[in-house]
Amino acid sequence: MFKIGFDAKRLYQNFTGLGNYSRSLVSGLNSLFPDHEYHLYSPGIKKNPATLPFLENPDFKNHIYKGVLGSWWRTYGVVKEIASDKLDLYHGLSHELPEGLERLKVKKVVTMHDLVIKTHPDLFPWMDRKIYDKKFQSACERADSIVAISESTRQDVLKFYEVAPAKVHTIYQTCDPIFWAAEDQENRISIVKKYNLPESYLLYVGSVIERKNLLNLVKALELIPAGKRIPLVVVGEGKKYFEKVKKYIKGKDLEKWVLFIKPSFEELPEIYRAATLFIYPSIYEGFGIPLLEAHCCETPVMTTNLSSLPEAGGPGASYIDPYNIEEIAFKILKVIENEDLQQRMVSDSKAYIERFKPEGVTTQMMDLYLSLLNAPE
C-alpha cells in the first residue's frame, strides 16, 4: 500500500474542466485501486453533490486548510502536512507543485492541461502570464514525471519548457461516468420540457470566454437562412466576453435563436442526447472534454482543427476553421440537413472513444505512479 496525495483545490472548488478532471481521476483511482491510501489537500471546500462523495467517503483522508491565507498554504504551508503524513507520492492536478516539496522523499507528479498562456499570451494580462509561467515552469522542472492530457499539450510542454521528453507522458482524461451511462428517455423528456428546449437545436457547452469563440458561432448562425436555421442552446457562463456575445445577439435581433440555460451537471447527458449537433469552436484547448461528453452521448460533433481538438474529436467529428464564419455556417447546414451524415458521424466515433474509457486512463495513471514508486533509488 502507498500513500498518495493530491492537490484538491480544483476538486473541491472548480466545477468545470479542471475540477471534473480531478474528481474523475481521484474517484477512479479509489474505485479501481482501493488498497492505496488517498489524501486530499485543499485550501477550503464547496459542499455540493459533486464534492460530497469525497467528503463523506472515509477512504479519502481530507486535509482542509481553514485559515485566511489559502493561496500561501497551498504553495508553501502544505509541505509541512505532506511531510507529517509521510506520503509516498504527491500529484499536482493542475499545473502546480508546492514549493519545498523537492526536499521531501516523496515522488512528484504534475498534470499540465494546457499552455494557453504561452500559445495565446494576448488573452492574459502581463502580470498573470508572468506568475503562471513561473509556476508552471518550476513545477515541470521539479516533477519526477509530467502528465500531459493530450499529445498537443505534451508538444507544448516540450516546446516551451526545457524538460527531457522521457519525463512527459500523455495520459488522456476521461469524463464523468454519467456520460458513459445508458440513455434515459423519460428523464430526457422531462428535461426538454423543463428548459423549453426546441425539437432540434445546436448545442454549445463550455465557459463563455474569448478563446472558446462562441461569438463566431453566433455570427455563423446568423448567416444561415432563417428558414433552414435551428436554435443554438448555450450551457456556460462568463464575464466580459459573455456580455459581448449577448450584446451582439441583442443588436442583431437573434434572441429567439440563442437560448442560455443553466442545467445541473446531472442533467447534461440528456441535453447532449437531445441535441442535433454539438459545436465546440474553440481556438485552443488542452484536450476538449465536452467533445468526449458529446461522443459518449452519441451526439454528432463539430469542432476546430487546432491544438488538441482533433485528438478529442477523432474521425467522426466535422472540422471547421474557427475564424471562417462562412465555412462554419456552411458545415452546420450540411450536417443538420443530412440525417445519414449525422448517423455516420456518431458511428465513426464509437470505436475511437474506447481509448478514453475511465478504466483505461485510470490504469495508465496508476501504472505511472507505480513506475516511480517501485523504481530503484
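Residues numbered from 1 in each chain as written. Predicted model: local features only at pLDDT ≥ 70, side-chain atom pairs only at ≥ 80, totals over all residues. Heavy atoms only, no water.

Visitor: Just checking my understanding: could you explain the packing of helix α10 (residues 214-223) against helix α11 (residues 240-251) for this structure?
Guide: In helix packing, the relevant descriptors are the interaxial angle and the interaxial distance, both defined with respect to the helix axes. Packing of α10 against α11 leaves a shortest axis separation of 10 Å and a crossing angle of 10°. Judged by the inter-axis angle, α10 sits roughly parallel to α11. Across from Leu214, Leu215, Val218, Lys219 and Glu222 in α10, the residues of α11 making contact are Tyr241, Lys244, Val245, Tyr248 and Ile249. Partitioned by chemical class, the residues of the contact of α10 with α11 number seven nonpolar, no polar and three charged. (Axes fitted to C-alpha atoms, helices over the stretch in contact; angles between N-to-C directions. Helix = DSSP H or I, 4+ residues; strand = E, 2+ residues; numbered from the N terminus. Parallel < 35°, antiparallel > 145°, perpendicular 65-115°, else oblique. Contact = heavy atoms within 4.5 Å. Nonpolar A, V, L, I, M, F, W, Y, C, P; charged D, E, K, R; others polar.)

Visitor: Got a minute to help me understand the side chain of Ser349 in this structure?
Guide: Note that Ser349 resides in helix α16 (residues 339-350). Here the side chain of Ser349 touches His295 through a polar contact of 3.2 Å, side chain to side chain. With near-sequence residues (within four places) excluded, Ser349 lies in contact with His295, Gly316 and Ala317. (Polar contact = N/O pair within 3.5 Å; in protein donor to acceptor, adjacent residues only side chain to side chain.)

Visitor: Would you mind going over the sheet that holds strand β1 (residues 3-7) with me for this structure?
Guide: Sheets are built from strands paired through backbone hydrogen bonds, the pairs being either parallel or antiparallel. Reading across the sheet, the seven strands line up as β3-β2-β1-β4-β5-β6-β7 and stay open at both edges, with parallel pairing between neighbours. Strands with a single pairing partner mark the edges of an open sheet, and in this sheet they are β3 (60-64) and β7 (168-170). Between one strand and the next, the sheet's axes are offset by a mean angle of 20°, whatever the strand orientation. Pairing geometry for β1 and strand β2 (residues 37-42), over five bridges, is parallel. Of the residues in β2, the one forming a bridge with Asp7 is Tyr41. Against the sheet, helix α7 (residues 151-160) contacts β5 (107-112), β6 (145-148) and β7, and its axis sits at roughly 165° relative to β7. (Pairing = 2+ DSSP bridges.)

Visitor: I'm lost on the pattern of salt bridges in this one. Help?
Guide: Two side chains with opposite charge may pair up if their charged atoms get near one another. In total, this model carries 19 salt bridges according to the counting rule given. Of the charged contacts in the structure, one is a salt bridge between Arg154 and Glu151, with a shortest N-O distance of 3.6 Å. Linking Arg154 with Glu151, this pair stays in helix α7, spanning three residues, or about one helical turn. According to the relative accessible area criterion, Arg154 is buried, its value standing at 16%. A relative accessible area of 30% means that Glu151 is categorised as partly exposed. Beyond isolated ion pairs, a larger network of salt bridges with shared partners links Asp7, Arg74, Glu96 and Lys135. (Salt bridge = Lys/Arg side-chain N within 4 Å of Asp/Glu carboxyl O. Buried < 20%, exposed > 50% of the residue type's maximum accessible area, 1.4 Å probe, protein only.)

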